Amino acid sequence: MEATGTDEVEKIKSKFMSAWHNMKYSWVLKTKTYFSRNSPVFLLGKCYHFKTEGEYRALHSFQSSSARISGNVEEFRKDFISRIWLTYREEFPQIKGSALTTDCGWGCTLRTGQMLLAQGLMLHFLGRAWVWPEALDMDSSDSESWTSSTVRKLTASFEASLTAERDPKILARPQRRPARRDWDVTEMRNEVYHRKIISWFGDSPLAAFGLHQLIEYGKKSGKMAGDWYGPAVVAHILRKAVEEARDPELQGVTVYVAQDCTVYSSDVIDRQCSFMDSGKAGTKAVIILVPVRLGGERTNTDYLEFVKGILSLEYCVGIIGGKPRQSYYFAGFQDDSLIYMDPHYCQSFVDVSIKDFPLESFHCPSPKKMSFKKMDPSCTIGFYCRTVQDFEKASEEITKMLNSSCKEKYPLFTFVKGHSRDYDFASSPLHEENDLFSEEEKKRLKRFSAEEFVLL
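Remember, predicted model here, so these are calculated numbers, not experimental data.

**So, the packing of helix α8 (residues 265-272) against helix α11 (residues 388-405)**
Phase 1: Where α8 contacts α11, the axes come no closer than 10 Å and their chain directions differ by 155°. Comparing their axes, α11 and α8 come out roughly antiparallel. For the element pair α8 and α11, the recorded crossing hand is right-handed. Of the residues in α11, those touching α8 at Ser265, Val268, Ile269 and Gln272 are Val388, Phe391 and Glu392.

Okay, here's the thing in structure tokens:
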């Protein structure tokens with residue numbers, strides 16, 4: 001009985017925490033973000049210009065030659081809204097080993113990590129040119145009603161606590177389901193993958209990259225549900241999650257995490273060629289994650305041009321970062337401001353196992369901007385390479401960018417030929433039977449945990 005009472009108290013506390021965060025962050029969602037018409041806007045390798053007349057020709061020197069100049073405000077909105085948005089959720093199945101049914105207040109870095117991985121999977125299955133056909137049916141004014149929804153939840157939680165009601169009755173706002181036009185075969189195929197990718201991030205114990213699974217992998221590095229996670233720890237958790245995924249569709253993707261700001265080319269290629277060892281034709285695509293620090297206690301503004309350059313690459317899948325005590329998913333920039341998606345708004349659990357589950361809450365209706373100067377120096381940068389040739393091309397291009405943008409004696413991170421074992425580092429095996437993390441990995445994760453700023 002005592003344990004049951006404690007659980008009920010924890011549930012009530014969780015509901016109040018969720019409502020508080022929604023009151024705190026909903027005004028940010030309602031606030032309009034202003035973009036200059038005189039500067040290009042970059043979003044994960046695509047360049048947009050909002051001028052109504054003339055054509056933008058003078059691209060910045062840091063821009064990749066492969067970056068595309070496209071569209072207008074509407075095209076940018078469609079592209080941004082099509083990215084997968086993963087936020088705090090509440091009332092999902094209880095996390096194993098705890099009474100928690102929400103990640104509100106502690107899971108934001110896991111959410112930004114999920115968003116980065118989701119973008120990598122979208123590149124893999126859908127390609128960078130894909131946009132959600134119903135993106136512009138998302139009304140940005142929906143955020144106007146989010147505050148009133150928050151008030152309803154807060155009131156319902158308070159009433160439930162007074163009446164000892166287990167499940168407070170909340171008058172739900174009816175979901176607007178846009179009418180689906182006739183789709184061709186390609187669009188139908190893309191929609192299947194769109195839904196499948198989102199379902200892999202569902203908040204249930206069975207979802208391959210859902211919060212429940214990520215927390216289980218985090219336990220191997222000493223992290224528990226309710227703890228704070230840093231960008232580097234999340235990078236290693238994502239690698240393990242992809243490694244352990246059993247869905248046949250995911251067998252063609254692997255994740256590599258740089259060691260001590262170094263990408264060992266032969267280790268990456270070994271991961272990509274692991275298909276050949278199992279007798280299957282072809283190679284795996286790889287998502288490369290590079291945990292870095294952009295300075296000491298504060299972000300060094302000398303790294304601004306490099307961060308811009310990275311986000312102008314079409315194979316960049318974003319940055320797990322934020323500002324002190326808040327994690328954001330950075331996906332683009334304009335001038336000296338970063339464009340991001342914020343995971344801090346707490347939404348209700350969506351059962352992604354049901355047919356035609358609602359998609360609206362997995363897509364952000366409007367982008368937010370933040371000055372680069374406010375960025376926390378601790379972050380993880382992500383890239384996607386479909387083939388070995390793509391990786392070799394990317395490593396050359398990024399190395400040139402690192403060298404040209406570096407004002408310090410040493411670049412932010414490096415690509416070197418060979419294996420990590422050639423440089424007297426312990427080589428981590430691709431698969432281990434009895435433990436998800438090797439002893440060397442555990443030491444590295446604990447060191448990352450000690451060095452990183454706390455990100456709520």
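**With respect to the pattern of salt bridges**
Phase 1: What the rule picks out here adds up to 13 salt bridges.
Phase 2: The partner of Arg128 in a salt bridge is Asp79, and the shortest N-O contact between them spans 2.8 Å. Note that Arg128 is positioned in the loop between α3 (108-125) and α4 (142-163) and Asp79 in helix α2 (residues 73-82), a separation of 49 residues in sequence.
Phase 3: Judged by its relative accessible area of 6%, Arg128 falls in the buried class.
Phase 4: Exposure remark for Asp79: the relative accessible area of 0% places this residue in the buried category.

**Describing the pairing of strand β9 (residues 326-334)**
Phase 1: Across the 9 residues that make up β9, a large majority, 9, are buried.
Phase 2: The pairing of strand β1 (residues 41-43) with β9 spans 2 bridges and is classified as antiparallel. When the bridges of β9 are listed, Phe42 appears paired with Phe333.
Phase 3: Note that strand β8 (residues 316-323) and β9 share 5 bridges and pair antiparallel. By the bridge assignment for β9, Gly322 is matched with Ser327.
Phase 4: Linking two consecutive strands that pair antiparallel, namely β8 and β9, is a turn of 2 residues; a positive phi of about 75° is found at Arg325 within it.
Phase 5: Where β9 lies against strand β10 (residues 337-341), 5 bridges are found, and the strand directions are antiparallel. Of the residues in β10, the one forming a bridge with Gln334 is Ser337.
Phase 6: What sits between the antiparallel neighbours β9 and β10 is a turn of 2 residues, in which Asp335 has the positive phi angle 55°.

**Regarding the nonpolar core**
Phase 1: Ranked by size, the top nonpolar core spans 69 residues in total, and within it Leu121, Ile197, Trp200, Phe201 and Phe209 carry the most contacts.
Phase 2: Of the residues forming this core, the biggest block, 9 residues, is contributed by α3.
Phase 3: In this view, Trp200 contacts Leu121, Phe125, Ala207, Ala208, Phe209, Gly210, Asp247, Glu249 and Leu250; residues no more than four positions away in its chain are not counted.
Phase 4: Counting residues in each nonpolar core, the second largest holds 42 residues, with Tyr256, Leu313, Cys379 and Met401 among its members.

**Thoughts on the packing of α3 against helix α7 (residues 231-244)**
Phase 1: With their axes 10 Å apart at the nearest point, α3 and α7 run at an angle of 50° to one another. As far as their axial angle goes, α7 and α3 are oblique. Once α3 is placed against α7, the crossing between them reads as right-handed. Between α3 and α7, the contacting residues are Thr109, Leu110, Gly113 and Leu117 on the first element and Pro231, Val234, Leu238 and Val242 on the second.
Phase 2: Here the residues of the contact of α3 with α7 are counted per class, giving 6 nonpolar, 2 polar and no charged.

Conventions used here
Residues numbered from 1 in each chain as written. Predicted model: local features only at pLDDT ≥ 70, side-chain atom pairs only at ≥ 80, totals over all residues. Heavy atoms only, no water. Axes fitted to C-alpha atoms, helices over the stretch in contact; angles between N-to-C directions. Helix = DSSP H or I, 4+ residues; strand = E, 2+ residues; numbered from the N terminus. Parallel < 35°, antiparallel > 145°, perpendicular 65-115°, else oblique. Left-handed = near helix turned anticlockwise from the far one by under 90°. Contact = heavy atoms within 4.5 Å. Salt bridge = Lys/Arg side-chain N within 4 Å of Asp/Glu carboxyl O. Buried < 20%, exposed > 50% of the residue type's maximum accessible area, 1.4 Å probe, protein only. Pairing = 2+ DSSP bridges. Core = buried A, V, L, I, M, F, W, Y, C linked by side-chain atoms within 4.5 Å. Nonpolar A, V, L, I, M, F, W, Y, C, P; charged D, E, K, R; others polar.

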